[in-house]
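# Descriptive structure summary
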Amino acid sequence: MYFLDGHLYPENQEKLIITAAPYGPEWIPSDYPEDIPVTMEEQIQKAVDCYNAGATVLHLHVRELDGKGSKRLSKFNELIAGVRKAVPDMIIQVGGSISFAPVGEGEVAKWLSDDTRHMLAELDPKPDQVTVTINTVQMNVIEHMEEADIAGTSMATPEGRRAYSEMVVPSNPAWYEEHIRRLSAAGIQSAFQFYNLNSFETVERLMRRGVYKGPLVCNWVAISGGMDAPNVYNLANFLRAIPDGTKLTVESSMRNTLPINMMGLSMGLHVRCGIEDNLWNQSRTAKMSTVEQIEQLVRISREFGREIATGKEAREILKIGVFYDTVEESLAANGFSPNRNGGNQGFLRKAA
């Protein structure tokens, strides 16, 4: 992520890491029965199919047999163990919401309690990453969608609209500081979900204080509704702020997903796709499975001349399992300017 002369040439870029999000906890099986796995065997096979198509990071949620998103950590343990056995090189990234799907009819989609989310640090076998949200924010996932995006799905019902327009991501300082410490102690990488520039600034302050001492691996989540809108100005502004050592994946929703991924792909960033983000091809004439979305990105990336990272290469790029001993080492490794001696360790722009 060094934007110097030649940075658009594939030989000067890292190999592409594709994150697959195939489980789509906001949908119910009838919304897309051809591509929503329900049984444990189907969910494991979906991970295998995504890996074989070219994805090396699996964004993991779990379903119960009734088709609802599971909130049982025992089911997460079961799926992680199955994926680990089937595709041992795939990076397993557990979604920190566990499942935000509503529990009962008429309920609002919501993230689980602080104590429950802390238990993700105790999963066995442990995942490689857990996504960590920073700062409480509205998560109205419908705000920038068009009517045709959700027509005929459960999200288009009055109950579905209410559930997913009123969702809030709870992430207060007492929670995320403790959560990061627990994940780090367990050897699990915090995969930060940055919804805007100020959520990144909060993490920089945490790193300068030594709360997190590891690689800065993150997603820029451009889905609107309380988070950044998917446009080049927001992306460029975000890129100007984060340090050069950041490992950044871009993420959007519905038909914004592919264009945002194209921007990221061409700039040497990493990408995410899958039915959790998008159901459609660009003309919205047909739904696209997660595997089809991965295959599309692989084709496009190779047209750019950018090769796809293997599972082992992705682990090296994302520095899975790496933590630093000191604040100074962490800042230097990520490309931040060092803390100044004494005084208030506030936000500092990276060195020119």
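In case you missed it, the structure is sitting above this.
Residues numbered from 1 in each chain as written. Predicted model: local features only at pLDDT ≥ 70, side-chain atom pairs only at ≥ 80, totals over all residues. Heavy atoms only, no water.

### Observations concerning the pairing of strand β9 (residues 247–251)
Of all 5 residues making up β9, 5 are buried, and the element is well covered by its neighbours. Of the two faces of β9, both are covered, the one formed by Lys247, Thr249 and Glu251 as well as the one formed by Leu248 and Val250. Bridging between strand β8 (residues 217–221) and β9 involves 5 bridges; their strand directions are parallel. From the neighbouring strand, cysteine 218 faces β9, where its bridge partner is leucine 248. Relative to strand β10 (residues 270–273), β9 is paired through 2 bridges, and the arrangement is parallel. When the bridges of β10 are listed, valine 250 appears paired with valine 271. Following the backbone out of β9, through helix α9 (residues 257–267) and into the adjacent parallel β10, one traces a crossover that is right-handed. (Buried < 20%, exposed > 50% of the residue type's maximum accessible area, 1.4 Å probe, protein only. Helix = DSSP H or I, 4+ residues; strand = E, 2+ residues; numbered from the N terminus. Pairing = 2+ DSSP bridges. Right-handed = clockwise from strand over helix to strand, strands pointing away.)

### With respect to the packing of aromatic side chains
On inspection of all chains with the given rule, the structure shows 6 aromatic pairs. Look at phenylalanine 194 and phenylalanine 200: their rings are 5.9 Å apart centre to centre, the planes differ by 80°, and that puts the pair in the edge-to-face class. For arginine 117, the ring lying beneath its charged end belongs to tryptophan 175, and the centroid distance is 4.0 Å. Between lysine 287 and the ring centre of tyrosine 32, over which it is positioned, the NZ or CZ distance is 5.3 Å. (Phe/Tyr/Trp six-rings, centres within 6.5 Å; stacked < 30°, edge-to-face > 60°. Lys NZ or Arg CZ within 6 Å of the ring centre and 35° of its normal.)

### Notes on the packing of helix α6 (residues 173–185) against helix α7 (residues 197–209)
At a minimum axis distance of 12 Å, the contact between α6 and α7 shows a crossing angle of 55°. One element, α6, and the other, α7, form an angle in the oblique class. Relative to α7, α6 is oriented so that their crossing is right-handed. Listed contacts from α7 to Tyr176, Glu177 and Ile180 of α6 are Thr202, Leu206 and Arg209. Residues belonging to the contact of α6 with α7 are distributed by class as follows: 3 nonpolar, 1 polar and 2 charged. (Axes fitted to C-alpha atoms, helices over the stretch in contact; angles between N-to-C directions. Parallel < 35°, antiparallel > 145°, perpendicular 65-115°, else oblique. Left-handed = near helix turned anticlockwise from the far one by under 90°. Contact = heavy atoms within 4.5 Å. Nonpolar A, V, L, I, M, F, W, Y, C, P; charged D, E, K, R; others polar.)

### Observations concerning the nonpolar core
Residues Ile18, Leu60, Val94, Phe192 and Ile294 are the most contacted members of the largest nonpolar core, which totals 69 residues. Setting aside chain neighbours within four positions, we find valine 94 in contact with Leu60, Phe76, Ile80, Leu120, Leu123, Pro127, Gln129, Val130 and Thr131. Listed in part, the 22 residues of the second largest apolar core include Trp27, Ile36, Met145 and Val221. (Core = buried A, V, L, I, M, F, W, Y, C linked by side-chain atoms within 4.5 Å.)

### A few points about the state of the cysteines
Taken as a whole, this structure holds 0 disulfides when the rule is applied. Free cysteine: cysteine 50, not disulfide-bonded; nearest cysteine sulfur from cysteine 273 at 7.6 Å. Classification of cysteine 50 as buried rests on a relative accessible area of 0%. Sulfur of cysteine 218: no disulfide; nearest cysteine sulfur belongs to cysteine 273 and is 18 Å away. (Disulfide = S-S within 2.5 Å.)

### Topic: the environment of cysteine 218
Assignment of secondary structure puts cysteine 218 in strand β8. We classify cysteine 218 as buried; its relative accessible area is 2%. As for cysteine 218 and valine 94, which are separated by 124 residues in sequence, their C-alpha atoms are 14 Å apart. Excluding anything up to four places from it in sequence, cysteine 218 contacts Phe192, Phe194, Thr246, Lys247, Leu248 and Thr249.

### What about unusual backbone geometry?
Residue proline 125 is bonded to the preceding aspartate 124 through a cis peptide linkage, with omega at 5°. Inspection of the secondary structure assignment puts proline 125 in the loop between α3 (114–118) and β4 (129–133). One non-glycine residue with positive phi stands out, namely arginine 284, at about 55°. Mapped onto the elements, arginine 284 comes out in the loop between β10 and α10 (290–304). Since its relative accessible area comes to 23%, arginine 284 is described here as partly exposed.

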